[in-house]
Amino acid sequence: MRAEKRTKKKKRTGLRIFLWSILGIFLILGGIVGYAVFQTKSTMDKIYEPVKDAANPVKLDGQNPFSVLILGIDQRDGDVGRSDTTMVATVNGTTNKAQILSIPRDTKTEIIGHDSTNKINAAYAYGGVKMAEDTVTNFLNGIPINYYIKINMEGLKDLVDAVGGVEVYNDMDISLKGKEFKKGNITLNGTDALAYVRIRKTDPRGDFGRQMRQQEVIQAVVNKVATTQTLWNFDEILSAVGKNMQTDLTMTDITRIAKNYISARNNVENMTVAGDGGISDGIWYYNVSDAERQKLHDSLAKNLEIK
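No experiment lies behind these values; they were computed from the predicted model shown.

## Comments concerning the overall build of the chain
- Check the secondary structure of the chain and you find 10 helices and 14 strands.
- Here the chain holds 307 residues, and the buried ones make up 54% of them.
- Counting contacts in the chain only where the partners sit at least 6 residues apart, residues at least 24 apart contribute 68% of the total.
- If you sum the accessible surface of the chain, you get close to 13,900 Å²; carbon and sulfur atoms cover 47% of it.

Given below as structure tokens:
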């Protein structure tokens, strides 16, 4: 029995929320100091990348719920990359509730626009953000995607180094290709952080454990960005963000989210996908029933106030 099956029903307490972490980087960079407004806006303009034929933006006035697809892309030199992290967040400004759904990378599903069935993380490799959005919407039985945020996990090295390294709590002895990380508080430079967030096979929790480490490192980066020492390496942080992130949220959008929806961060529901692992045609997949997909749809739809 695979680790995903053993852990699918465990409550993921203590997890750092990836969405608010990424938005937090943008918001802190946007408001850290007056003289930096121009530089920050230039970076936001650089990472702004709208999705072709997207038709789902909403008025971010606090009255309209919205959804965000969060993609952590493992992209290396000469490689388009696949989405090692796929999350869907919904935020409701009226009820002040947010949801974060983590979809395992090995989830078997129809790849919309590619006429194939594969692991859900293949959608980005085949057709970029647009195909990933369409595939996730189909997997969730019609849940619309309003916006996306994408971070290149390879570029996480640049971001960690830009803030001078981070400290995280590692909850077990773990390793990757001979690189060992002992249980307890550990300090990571960029190279170590990248190895730390890629560990999967030596973690009995599999992808779930890796997602936890990704969230922990991103949150640690946010905490460092929020300190006054950021002023001394502001240019390096902006450079790392500009090289490694993309979104179709504008700086105005992010400012409105901070103003109208920020209270939702205090009421977050972490959601996982129940399923079973198995081999099909020699490939291991995470199989999710139609009933589970509908259950996920109903929960997300309720927070989005749609059917």
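## Considerations on the packing of aromatic side chains
- Per the counting criterion, the structure on display carries 3 aromatic pairs.
- Between the aromatic rings of F66 and Y147, the centroid separation amounts to 6.3 Å while the plane-to-plane angle is 75°, which identifies the pairing as edge-to-face. Of this pair, F66 sits in strand 1 (residues 66–74) while Y147 sits in strand 6 (residues 147–152), placing them 81 residues apart in sequence. Each member of the pair, F66 as well as Y147, is classed as buried.
- Arranged with centres 5.3 Å apart and planes meeting at 65°, the rings of F181 and Y196 form a pair that is edge-to-face. Separated by 15 residues along the polypeptide, F181 in strand 9 (residues 179–181) and Y196 in helix 6 (residues 190–198) bring together distant segments of the chain. No difference in accessibility class separates F181 from Y196, as the two residues are buried.
- One aromatic cluster is present, built from ring pairs that chain together F66, Y147 and Y261.

## Describing empty space enclosed by the protein
- Counted by the stated rule, this structure contains 2 cavities of 30 Å³ or more.
- For the largest cavity, the calculated volume is near 40 Å³.
- D74, D84, M153, L194, V197, R198, R210 and Q214 together form the lining of the largest cavity.
- Those elements giving two or more residues to the lining of the largest cavity turn out to be helix 6 and helix 7 (207–225).
- In terms of residue count, the dominant contributor to the lining of the largest cavity is helix 6 (3 residues).
- Approximately 30 Å³ is the volume found for the second largest cavity.
- When residues of the lining of the second largest cavity are traced back to their parent elements, those giving at least two are strand 7 (166–170) and helix 7.
- A per-element tally of the lining of the second largest cavity places helix 7 first, with 4 residues.
- In the lining of the second largest cavity, the residues fall into 3 nonpolar, 2 polar and 4 charged.

## Examining the pattern of salt bridges
- Under the counting rule described, the total for this entry stands at 13 salt bridges.
- Linking K182 and E180 is a salt bridge whose minimum nitrogen-to-oxygen distance equals 3.6 Å.
- By relative accessible area, which is 52% here, E180 ends up exposed.
- One salt bridge connects D290 with R293, and the closest N-O pair in it is separated by 3.4 Å. Linking D290 with R293, this pair stays in helix 10 (residues 290–304), spanning 3 residues, or about one helical turn.
- Overlapping salt bridges bring together R105, D106, K119 and R200 as one network.

## Brief notes about the nonpolar core
- Core analysis: the largest hydrophobic core is formed by 45 residues, its most contacted members being F66, F181, L188, Y196 and V217.
- Not counting the four nearest positions on each side in its chain, F181 is found in contact with N170, M172, D173, I174, I186, L188, D192, A195, Y196 and I199.
- Listed in part, the 26 residues of the second largest apolar core include Y124, F139, L296 and L304.

## Focus: the side chain of R205
- The residue R205 is located in the loop between helix 6 and helix 7 in this model.
- Within the local environment of R205, its side chain forms a polar contact with the side chain of D171, the two groups lying 2.7 Å apart.

## Quick look at the pairing of strand 5 (residues 116–119)
- Two strands pair when backbone bridges link them, and strand 4 (residues 108–111) and strand 5 are joined in this way by 4 bridges, in the antiparallel orientation. Across the sheet, E110 pairs through a bridge with T117, a residue of strand 5.
- From the end of strand 4 to the start of strand 5, which pair antiparallel, there are 4 residues, and G113 there has a positive phi angle of about 95°.

## Concerning helix 9 (residues 251–260)
- For helix 9, the complete set of buried residues consists of D253, I254 and I257. Burial along helix 9 is one-sided: seen end-on, the buried residues are contained in an arc of 95°.

What counts and how
Residues numbered from 1 in each chain as written. Predicted model: local features only at pLDDT ≥ 70, side-chain atom pairs only at ≥ 80, totals over all residues. Heavy atoms only, no water. Helix = DSSP H or I, 4+ residues; strand = E, 2+ residues; numbered from the N terminus. Buried < 20%, exposed > 50% of the residue type's maximum accessible area, 1.4 Å probe, protein only. Contact = heavy atoms within 4.5 Å. Areas by Shrake-Rupley, 256 points an atom, 1.4 Å probe, with all protein chains shown as cover. Phe/Tyr/Trp six-rings, centres within 6.5 Å; stacked < 30°, edge-to-face > 60°. 1 Å grid on protein atoms, 1.4 Å probe; cavity = no way out; pocket = protein on both sides within 12 Å on 5 of 7 lines; lining within 4 Å. Points joined across faces, edges and corners; volume = space filled by probe spheres on them. Nonpolar A, V, L, I, M, F, W, Y, C, P; charged D, E, K, R; others polar. Salt bridge = Lys/Arg side-chain N within 4 Å of Asp/Glu carboxyl O. Core = buried A, V, L, I, M, F, W, Y, C linked by side-chain atoms within 4.5 Å. Polar contact = N/O pair within 3.5 Å; in protein donor to acceptor, adjacent residues only side chain to side chain. Pairing = 2+ DSSP bridges. Arc of directions from axis to C-beta.

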